[in-house]
Amino acid sequence: NALLSFHGDINEGVLNALNSNSYETQVQALSLASQRHMYMSYDKAIALTKSKDNKVVSAAYDALSGVSDINKFDEICNLLEKSPGSVVDKLQLAAMNTIASKTSDEQFNLIAKHLNNTEKDTLYYPLLAQAGNEKAIEKLMQDYHKSQTNKAAFSSLLFKKKKKMT
């Protein structure tokens, strides 16, 4: 906790900790890197998603939501397309965070590039809900009326409604 509020430069120390032989140290360093939005640790977080230790793998996927910037959006989406279901939520959150500072229309345009090249539209529903512009909601509504995507689209529409209400 002290390192989270420390105003000095801890980047080198955190990067060294990510290279540690201790899995526990790596888990803690990943959390710190994510919370401090240390974008320079993105490559190491990606590498640690292939760790032999399950806690490190989980922490690495969690960290992606804080260490990924807009320049990593396409890469995160590509990972999302290839990843097992157990990490989909974490990758969706990472993708959402990378584009959160963009306008709704800009977010939709970035997402649309991937929607046009996938057969897994449902992976992008939470991102569409976040974008929340007319085109995004229209896409979710269209897919809500399809039996194979009804539940996933409905869930994302609810997410959008809850988000708007808060």
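Our structure is the block above this text.
Residues numbered from 1 in each chain as written. Predicted model: local features only at pLDDT ≥ 70, side-chain atom pairs only at ≥ 80, totals over all residues. Heavy atoms only, no water.

1. Quick notes on the pattern of salt bridges
- As enumerated under the stated definition, the model contains 4 salt bridges in all.
- Residue Lys90 pairs with Asp62 through a salt bridge whose shortest N-O separation is 3.1 Å. Here Lys90 is found in helix 7 (residues 88-99), whereas its partner Asp62 is found in helix 5 (residues 54-67), with 28 residues between them in sequence.
- A salt bridge links Asp143 to Lys146; the shortest N-O distance between them is 3.3 Å.
- Here Lys146 falls in the partly exposed class, since its relative accessible area comes to 38%. (Salt bridge = Lys/Arg side-chain N within 4 Å of Asp/Glu carboxyl O. Helix = DSSP H or I, 4+ residues; strand = E, 2+ residues; numbered from the N terminus. Buried < 20%, exposed > 50% of the residue type's maximum accessible area, 1.4 Å probe, protein only.)

2. A look at the environment of Ile99
- Positionally, Ile99 belongs in helix 7.
- It is 5.8 Å that separates the C-alpha atoms of Ile99 and Ile70, two residues lying 29 residues apart in sequence.

3. Details of the environment of Asn78
- Mapping Asn78 onto the fold places it in helix 6 (residues 73-82).
- As a C-alpha pair, Asn78 and Leu91 span 13 residues in sequence and 9.9 Å in three-dimensional space.

4. Side note on the environment of Gln142
- Looking at the element boundaries, Gln142 is found in helix 10 (residues 134-144).
- Taking the C-alpha atoms as reference points, Gln142 and Ala153, 11 residues apart in sequence, are found 8.7 Å from one another.

Note that every value here comes from positions in space, so none of it alone points to a role or purpose.
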